[in-house]
Amino acid sequence: MFIQKSYRTEDTGELYLVPTPIGNLSDMTFRAIDVLRNADLILAEDTRHTRKLLTHFEIDTPMQSFHKFNTAERMPEVIDRLKRGEMLAEVSDAGMPIISDPGQALVEACVKEQLPVIPLPGANAGLTGLVASGLPGERFTFIGFPPRQKKAMRDELSRYKDAEETLIFYESPYRLKETLKQCAAVFGEDRQAVVARELTKQYETFYRGALAELMAYSDQVKEVKGEICLLIAGTTHHEVDDALASQLDLPYEEQVDWVMVHENLSAKDAIKRVAKSNDVPKQTVYAAYHHIN
């Protein structure tokens, strides 16, 4: 076990994870600016992008690119500098490092070497969209970017079909229409959702409504522009139970088939579900489904 005391007076260096604004530069914190100014080196996902931020705040700290394509190459040097006692800061293009951004491998390497990793709080598009979405925020699941392939996306979405918490996705504006279509197919067209566009920027816009309404609107406009955060309300027990209740007059076999299709369950789990809904032993439904006399 390794216990990290973040603020200690030893010779070991420190890696700071520094969030940057997701749009509005005024969201940069005093502490983040101070860390970037005092760091020996800034590790940036895209140095050209980060240079604009540093110039705006008159920060002249040396910078080096550090992204998923050069992690293996840069890692030994970065770890060596930390072991020599240097203070390094890692930033992504926007928002919190690691969250749908590079950096996880570096954090893992630092933890393995027992080097301090110090996170700074700051901007995050998923949480920013959630708190203003109007959807429940007590519990949520951050999923990030869904797969691009239709089947892979449908399979990924199906994993959360009966999730009760709010779901948070990131998506490209060019794929939003298809993603809304797939979400409606999996979660149902009546499921409430929110598209948050260009958060913290001049054209920040929230589109709130059922997935069917959001699909219809997206079909009317030529193109939705800007960074997209998609939030989808979780299901409730009564939605699933009410739907199944309408099938209880059917034979057990047909109920099982219905549950398998509409709730994306295996035959084994569907049998359990039908047995519970009908308040009968699981063996009774099993026998009916498998035609066992």
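Please read these numbers as outputs of a predicted model, since none were measured by experiment.

Bringing the environment of Ile-143 into the picture now. On the secondary structure map, Ile-143 appears in strand S6 (residues 140-144). Overall, the relative accessible area of 15% leaves Ile-143 in the buried class. A C-alpha to C-alpha distance of 33 Å links Ile-143 and Arg-37, two positions 106 residues apart in sequence. Beyond its immediate sequence surroundings of up to four residues, Ile-143 is in contact with Glu-156, Tyr-160, Leu-167, Ile-168 and Phe-169.

Next up on the list: the sheet that holds strand S8 (residues 192-197). Taken in spatial order, the five strands line up as S6-S7-S10-S8-S9 in an open sheet, and their pairing is mixed. In the strand order of this sheet, the two ends are held by S6 and strand S9 (205-210), each with one partner. When the angles between neighbouring strand axes are averaged without regard to direction, this sheet yields 15°. Pairing analysis gives five bridges linking strand S7 (residues 166-171) to strand S10 (residues 228-232), with the strands arranged antiparallel. By the bridge assignment for S10, Tyr-170 is matched with Cys-229. Along the sheet face, helix H8 (residues 211-220) touches S8 and S9 and points at about 125° away from the line of S9.

Conventions adopted
Residues numbered from 1 in each chain as written. Predicted model: local features only at pLDDT ≥ 70, side-chain atom pairs only at ≥ 80, totals over all residues. Heavy atoms only, no water. Helix = DSSP H or I, 4+ residues; strand = E, 2+ residues; numbered from the N terminus. Buried < 20%, exposed > 50% of the residue type's maximum accessible area, 1.4 Å probe, protein only. Contact = heavy atoms within 4.5 Å. Pairing = 2+ DSSP bridges. Axes fitted to C-alpha atoms, helices over the stretch in contact; angles between N-to-C directions.

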